[in-house]
Amino acid sequence: RLRAGAAVLAILCGAPSPPVLTQLMGEDEPIVREAAVAAVGHLGLTDVADVVARHVLADDDRRVRVTAMSALAALAPETALSTLSSAVDADDPAERSEAVRAIATLGGAAAVPVLVRRLGVEDAPEVRFQLLLEISRNWVDGWPVPPEVTRAVAVCLDSEEEDSRAVAAHAAGLIGMPEHVA
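Peer 1: Help me understand the overall build of the protein, please; the structure alone is not making it clear to me.
Peer 2: Looking only at helices and strands, one finds twelve helices and zero strands in the protein. Ordering the α and β elements of the protein from the N terminus gives α-α-α-α-α-α-α-α-α-α-α-α. A total of 182 residues make up the protein; the buried ones form 48% of that total.

Peer 1: How should I be thinking about the side chain of Arg-96 in this particular structure?
Peer 2: In this structure, Arg-96 sits in helix α7 (residues 93-106). Among the residues examined, Arg-96 registers a relative accessible area of 5% and is labelled buried. Of the polar contacts made by the side chain of Arg-96, one reaches the backbone oxygen of Asp-91; its length is 2.9 Å. Other than its neighbours up to four places away in sequence, Arg-96 contacts Ala-87, Val-88, Asp-89, Ala-90, Asp-91, Arg-118, Glu-122, Asp-123, Ala-124 and Val-127.

Peer 1: Whenever I open this one, the packing of helix α4 (residues 49-58) against helix α5 (residues 62-75) confuses me. Can you help?
Peer 2: Packed helix pairs are characterised by how far apart their axes lie and by the angle those axes make with each other. At a minimum axis distance of 8 Å, the contact between α4 and α5 shows a crossing angle of 145°. Seen from above, α4 lies across α5 with left-handed handedness. Facing Ala-49, Val-52, Ala-53, His-55, Val-56 and Leu-57 of α4, the residues of α5 in contact are Val-64, Arg-65, Ala-68, Met-69, Ala-71, Leu-72 and Leu-75. When grouped by side-chain class, the residues that make up the contact of α4 with α5 number eleven nonpolar, one polar and one charged.

Peer 1: What is the right way to read the packing of α5 against helix α6 (residues 80-87) from this model?
Peer 2: Orientation of α5 relative to α6, taken along the N-to-C sense of each, is 160°, at an axis distance of 9 Å. Classified by the interaxial angle, the pair formed by α5 and α6 is roughly antiparallel. Considering how the two elements wind past one another, α5 and α6 form a crossing that is left-handed. For the pair α5 and α6, the contacting residues are Met-69, Leu-72 and Ala-73 in the first and Ala-80, Thr-83, Leu-84 and Ala-87 in the second.

Peer 1: Help me out: how do you make sense of a negative patch on the surface in this one?
Peer 2: Taken together, Glu-160, Glu-161, Glu-162 and Asp-163 make up a surface patch of like negative charges. Mapped onto the secondary structure, Glu-162 falls in helix α11 (residues 162-175). You can call Glu-162 exposed: its relative accessible area is 61%.

Peer 1: What is the right way to read the environment of Ala-154 from this model?
Peer 2: As for its position among the elements, Ala-154 is in helix α10 (residues 147-157). You can call Ala-154 partly exposed: its relative accessible area is 28%. Sequence separation between Ala-154 and Ala-168 is 14 residues; the distance between their C-alpha atoms is 7.7 Å.

Peer 1: Would you mind showing me how to read the environment of Gly-142 here?
Peer 2: Looking at where Gly-142 falls in the secondary structure, it is placed in the loop between α9 (125-138) and α10. Under the relative-accessibility criterion, Gly-142 is labelled exposed at 76%. Each C-alpha atom of the pair Gly-142 and Ile-175 lies 8.6 Å from the other, and the pair is 33 residues apart in sequence.

Peer 1: Please clarify how the nonpolar core should be interpreted in this entry.
Peer 2: Nonpolar side chains in soluble globular proteins generally cluster together in the buried interior. Counting residues in hydrophobic clusters, the biggest one holds 55 residues, and the most contacted among them are Val-52 and Leu-132. Ranked by residues supplied to this core, first place goes to α5 with seven residues. Excluding its chain neighbours within four sequence positions, the residues that come into contact with Leu-132 are Leu-119, Ala-152, Val-153, Cys-156, Val-167, Ala-168 and Ala-171.

Peer 1: So what exactly am I meant to see when it comes to the side chain of Ser-85 here?
Peer 2: Within the secondary structure, Ser-85 is located in helix α6. Classification of Ser-85 by relative accessible area gives buried; the value is 17%. When neighbours within four sequence positions are excluded, Ser-85 is seen to be in contact with Ile-103, Val-114 and Arg-117.

Procedures and definitions
Residues numbered from 1 in each chain as written. Predicted model: local features only at pLDDT ≥ 70, side-chain atom pairs only at ≥ 80, totals over all residues. Heavy atoms only, no water. Helix = DSSP H or I, 4+ residues; strand = E, 2+ residues; numbered from the N terminus. Buried < 20%, exposed > 50% of the residue type's maximum accessible area, 1.4 Å probe, protein only. Polar contact = N/O pair within 3.5 Å; in protein donor to acceptor, adjacent residues only side chain to side chain. Contact = heavy atoms within 4.5 Å. Axes fitted to C-alpha atoms, helices over the stretch in contact; angles between N-to-C directions. Left-handed = near helix turned anticlockwise from the far one by under 90°. Nonpolar A, V, L, I, M, F, W, Y, C, P; charged D, E, K, R; others polar. Parallel < 35°, antiparallel > 145°, perpendicular 65-115°, else oblique. Patch = residues over 30% accessible without salt bridge, like charges linked within 9 Å, V, L, I, M, F, W, Y side chains within 5 Å. Areas by Shrake-Rupley, 256 points an atom, 1.4 Å probe, with all protein chains shown as cover. Salt bridge = Lys/Arg side-chain N within 4 Å of Asp/Glu carboxyl O. Lys, Arg positive; Asp, Glu negative; His and termini not counted. Charge placed at Lys NZ, Arg CZ, Asp CG, Glu CD. Core = buried A, V, L, I, M, F, W, Y, C linked by side-chain atoms within 4.5 Å.

Set out below in structure tokens:
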């Protein structure tokens, strides 16, 4: 915990050298790795984006993997999509939701096909909700509506969850699915 505190202090006191944070990302304690990954993302240390990418997929701690997703999207938006595309298929719904958010920050034309692919196979309602929300936020007018999106909107509109119905209606409006809005 002391080393995690040191990583947090490093953020507050100014930019430590990338080798120090790279070393902290390799520590045994997950809280230290998580703090170091967060620091790297916050400070924009693009030189160590490859190390952060390894944490997205291979770290043994869920918190570190989740923190690494948003850090990677901020550090290397041009190359993050392939790593995050793998993370969106994680076993844990919370990790999938975070991967969806991170992919969505990459934006538009590159992100939407990955999100639509996941939407076609997603079974967790909270992740499906997040997918529809992010797809609708990144939708480009004039794109054809894939069947995965149509099915997900229909499923969410029939949901007992008010939030799911609201997001589905919002998505249908933004994407241009008037048959689901009327």
